[in-house]
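Remarks on the overall topology
Residue strings, one per chain:
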Amino acid sequence: KTGKGEYALYHGNLGVGENDFAALFLVNNIFNKTEIPLIIAGNYPSAELVHSVGKYPNITLKKNPDVEVMQQLIQNAQINILPTFQSTGIKLKLINALFSGRYCIVNSRMVAHTGLEQLCRVTDSEQEMINAVLDKFKRPFTEEMIAEREQQLQSIFNNEENAKRLIGYLF
């Protein structure tokens, strides 16, 4: 969507240790130092995450949202913030956020070897991440940004072209 959202979003299956760790990192190291609203959305949050979120009025937890609610959260967020602490290839939550959301702030491990670096704000220190959140939170997302992102995503995720490549490999 064009314009501005009213919150940052971290989403994922919080029952997965890596995702819970990333959410705790955002709560305890990034958004505890800002007044910007953060929504953490996902299934099975840990007791530690629930407790940590409760300390800060600008951070909320959406437990076990269904697919429709999750998609609305992604589309309406000003920022999808998706750090990871394991480089494990392209993550579907990043692809979804890039196709459906506004700004994406990630760390280098989230985009390592994906070709998606140019579509995200990549930050690796806590201060860089805080600065990126403060900057992107006040900037409207424009039609031009959407068109540029769609063009770049289509060059990577074009089903027809990728199918042709696969056929070429087979024959």
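As shown above, the structure is provided for reference.
What you are looking at is a predicted structure, and each value in this text was computed from that prediction instead of being measured.

Scoring rules and cut-offs
- Residues numbered from 1 in each chain as written.
- Predicted model: local features only at pLDDT ≥ 70, side-chain atom pairs only at ≥ 80, totals over all residues.
- Heavy atoms only, no water.
- Core = buried A, V, L, I, M, F, W, Y, C linked by side-chain atoms within 4.5 Å.
- Buried < 20%, exposed > 50% of the residue type's maximum accessible area, 1.4 Å probe, protein only.
- Helix = DSSP H or I, 4+ residues; strand = E, 2+ residues; numbered from the N terminus.
- Contact = heavy atoms within 4.5 Å.
- Expected span 1.5 Å × (residues − 1).
- Pairing = 2+ DSSP bridges.
- Right-handed = clockwise from strand over helix to strand, strands pointing away.
- Axes fitted to C-alpha atoms, helices over the stretch in contact; angles between N-to-C directions.
- Parallel < 35°, antiparallel > 145°, perpendicular 65-115°, else oblique.
- Left-handed = near helix turned anticlockwise from the far one by under 90°.
- Nonpolar A, V, L, I, M, F, W, Y, C, P; charged D, E, K, R; others polar.
- Arc of directions from axis to C-beta.

1. Some words on the nonpolar core
One finds Tyr 10, Leu 26, Phe 31, Ile 40, Ile 81 and Leu 94 to be the most contacted residues of the largest nonpolar core, which totals 40 residues. Among the elements that make up this core, the one with the highest residue count is helix α1 (residues 17–30) (seven residues). Once you skip the residues sitting within four places of it in the chain, Leu 94 turns out to touch Leu 82, Val 106, Met 110, Val 111, Leu 116 and Cys 120. One finds Tyr 7, Ile 39, Met 70 and Ile 74 within the second-largest nonpolar core, a separate group that totals eight residues.

2. With respect to α1
Between its first and last C-alpha atoms α1 spans 19 Å; for 14 residues at 1.5 Å apiece the expected length is 20 Å, and the two agree. Taking burial as the measure, the 14 residues of α1 include ten buried ones, the bulk of the element. Those residues of α1 that sit buried are Glu 18, Asn 19, Asp 20, Ala 22, Ala 23, Leu 24, Phe 25, Leu 26, Val 27 and Ile 30.

3. Some remarks on the pairing of strand β1 (residues 8–11)
Residue alternation in β1 divides its side chains into two sets, Ala 8 and Tyr 10 and Leu 9 and His 11, and both sets are buried. One ladder, built from four bridges, connects β1 with strand β2 (residues 38–42); its direction is parallel. Following the sheet pairing, Ala 8 is matched in β2 by Leu 38. The parallel pair β1 and β2, bridged by α1, forms a crossover whose chirality is right-handed.

4. Focus: the packing of helix α3 (residues 67–76) against helix α4 (residues 92–100)
Helix-helix packing: each pair is described by the crossing angle between the helix axes and the interaxial distance. Between α3 and α4, whose axes approach to 8 Å, the crossing angle comes to 60°. Looking at the two axes, α3 sits oblique to α4. Where α3 crosses over α4, the two elements pack in a sense that is right-handed. Taking contact as the criterion, the partners of Gln 71, Ile 74 and Gln 75 in α3 are, on α4, Asn 96, Ala 97 and Ser 100.

5. Digging into the packing of α4 against helix α7 (residues 143–156)
Axis separation between α4 and α7 bottoms out at 9 Å; the angle between their running directions is 140°. Judged by the angle between their axes, α4 and α7 are oblique. Contacts from Ala 97, Leu 98 and Phe 99 in α4 reach Arg 149, Leu 153 and Gln 154 in α7. Residue classes in the contact of α4 with α7 are distributed as four nonpolar, one polar and one charged.

6. Quick word on the sheet that holds strand β6 (residues 121–122)
Reading across from one edge, β3-β2-β1-β4-β5-β6 is the order of the six strands in this open sheet, with parallel pairing throughout. This sheet does not close on itself; its edge strands, each paired only once, are β3 (59–63) and β6. Pairing of β2 with β3, which is carried by five bridges, proceeds in the parallel orientation. Residue pairing in the sheet places Ile 39 in a bridge with Thr 60 of β3. Packed on one face of the sheet, α1 meets β1, β2, β3 and β4 (79–82) and runs near 155° to β1.

7. Focus on α7
Helix length check: α7 (14 residues) gives 20 Å between terminal C-alpha atoms against 20 Å at 1.5 Å per residue, within 8%. Residues of α7 that are buried: Ile 146, Arg 149 and Leu 153. Angular distribution of buried residues about the axis of α7 spans 70°; they occupy a single face of the element. Of the exposed residues in α7, the ones pointing more than 90 degrees away from its buried face are Glu 143, Glu 144, Gln 151 and Ser 155. On the buried face of α7, the contacting elements are α4 and β5 (103–106).

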